Amino acid sequence: MKLKIAVLPGDGIGPEIMEQGVAVMEAIAQKYGHEFSYEQGLVGACAIDAVGDPYPEATHELCMQSDAVLFAAVGSLRYDNDPTAKVRPETGLLAMRKKLGLFANVRPVATFDCLIHKSPLKDELLRGADFVVLRELTGGMYFGEKYQDNDRAYDTDSYTRPEIERILKVAFEMAQKRRKHLTVVDKANVLASSRLWRQIAKEMEPNYPDVQTDYMFIDNASMRVLTEPRFFDVIVTENTFGDILTDETSCITGSMGLQPSSSLGEHTPLFEPVHGSWPQAAGQNLANPLAQILSAAMLLEHFGLEAEGTLVRKAVDASLAANVRTPEIQVEGGAHYGTKEVGQWIVNYIRQA
């Protein structure tokens, strides 16, 4: 298979983890006889520094002309510590999602048996947890009308029927392919936007009689993903709730460095780790590349390359079992492995498989 991949390393640890993600993609291409081509683009703080725009038109054109986007992270302490900044790295990420029409963010949540001890949750709660959070990505407060002066500010949590229907359709169909259980997460007892979400979900529910559908307020869901993670199969929710909920689920995997995601919609699909740019660690060979590598596995599987994706996942599992891990998930007394060493170990595993 031939694929053109737009590579967007971004900021902070992004270039380091991206290097390992691309190396794994190349190892797969060589092993299975695929032809993957790569072209890098600027996004985030590095793009602001270079051209004054966190998502330049040249980067957008690259994404539109590619089969897939492999993205790392954006964010810089220079902007985090300056609330008056008019242009921010994260604005580029939002613009990319909007202009590519990436309305469905898919975030799988699963446990690794050898890392359960790294979670703050009890073993008996975690084992067997396996669910997906489907986050609406181009609506809500992140994109609604905004205002700020010295004394007042607001963000409008706005959704339209078509925006809600299309993400719910993805959610119902995803549940049909999994364990046929869908949980719609909202705040319908307080927010008008959530009441519209629930109304439309109720209208669509009879079209999917094989799916057990339930409804949960976000505050209750935030508790239950940690106290009853095995209850869930597919969760669908709006943009802001999904952002917070999927960070919380890192307590289940044991590290945010293990969580990949895909963003799907109208144009080129995008694959990225859910963690941020961790600028404090940039250039120190400390960052965990596994979420980036697992995002590459999701990219392969998206194009029907199931055996290839399975091999990447097998390599990741083998690296964890062999204690080839970056410091934040290493066992006590285990050897030190950095970003490069973990990536190279996985590449070697793939080559030798």
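Reading the values: the criteria
- Counting from 1, residues in each chain are numbered in the order their sequence is written.
- Totals for whole chains, interfaces and linings use all residues, but because this is a predicted model, local features are given only for residues with pLDDT of at least 70 and pairs of side-chain atoms are given and counted only at 80 or more.
- Hydrogens and water are ignored here; the side-chain numbers use all heavy atoms of the structure.
- The buried label applies to any residue whose accessible area, calculated with a 1.4 Å probe on protein chains only, is under 20% of its type's maximum; exposed applies above 50%, and partly exposed to all values in between.
- Runs of E in the DSSP output that reach at least two residues are strands. Runs of H or I that reach at least four are helices, and both are numbered from the N terminus.
- Two strands qualify as a pair provided that DSSP identifies no fewer than 2 bridges between them.
- In this description, contact between two residues means that some pair of their heavy atoms is separated by no more than 4.5 Å.
- Note on geometry: axes are C-alpha line fits, over the in-contact stretch for helices, and angles between N-to-C directions span 0 to 180 degrees.
- Under this scheme an angle from 65 to 115 degrees is roughly perpendicular, one under 35 degrees roughly parallel, and one over 145 degrees roughly antiparallel; angles in between are oblique.
- By convention the crossing between two helices is left-handed if the near helix lies anticlockwise of the far one by an angle smaller than a right angle, and right-handed if it lies clockwise.
- Lys, Arg, Asp and Glu make up the charged group, whereas Ala, Val, Leu, Ile, Met, Phe, Trp, Tyr, Cys and Pro make up the nonpolar group; the residues left over, Gly among them, are polar.

Observations concerning the pairing of strand S11 (residues 260-264)
With four of five residues buried, S11 is to be regarded as a mostly interior element. For strand S4 (residues 104-110) and S11, the ladder comprises three bridges, and the chain directions are antiparallel. Each bridged residue has a counterpart across the sheet, and for Val106 the counterpart in S11 is Ser262. As judged from the four bridges shared by S11 and strand S12 (residues 270-273), these two strands associate in the antiparallel manner. Note that in S12 the partner of Pro260 across the bridge is Pro273. Count of turn residues in the S11/S12 antiparallel hairpin: five residues.

Thoughts on the side chain of Gln259
You can see Gln259 is positioned in the loop between helix H11 (250-253) and S11. The exposure class assigned to Gln259 is buried, which follows from its relative accessible area of 2%. What Gln259 contacts, discounting residues up to four positions off in sequence, is Pro108, Val109, Thr246, Thr249, Ser250, Thr253, Pro273, Val274 and Ala291.

Here we look at the environment of Gly276
Mapped onto the fold, Gly276 is located in the loop between S12 and helix H12 (290-302). Residues Gly276 and Gly75, 201 residues apart in the sequence, show an inter-C-alpha distance of 7.2 Å. Apart from the residues within four sequence positions on either side, Gly276 is in contact with Ile13 and Ala73.

Let's talk about the packing of helix H9 (residues 218-227) against helix H10 (residues 239-248)
At a minimum axis distance of 10 Å, the contact between H9 and H10 shows a crossing angle of 20°. It follows that H9 is roughly parallel to H10 by the angle criterion. Once H9 is placed against H10, the crossing between them reads as right-handed. On H10, the residues touching Ile218, Ala221, Ser222, Met223, Val225 and Leu226 of H9 are Phe241, Leu245 and Glu248. Looking at the contact of H9 with H10 residue by residue, the class counts come to seven nonpolar, one polar and one charged.

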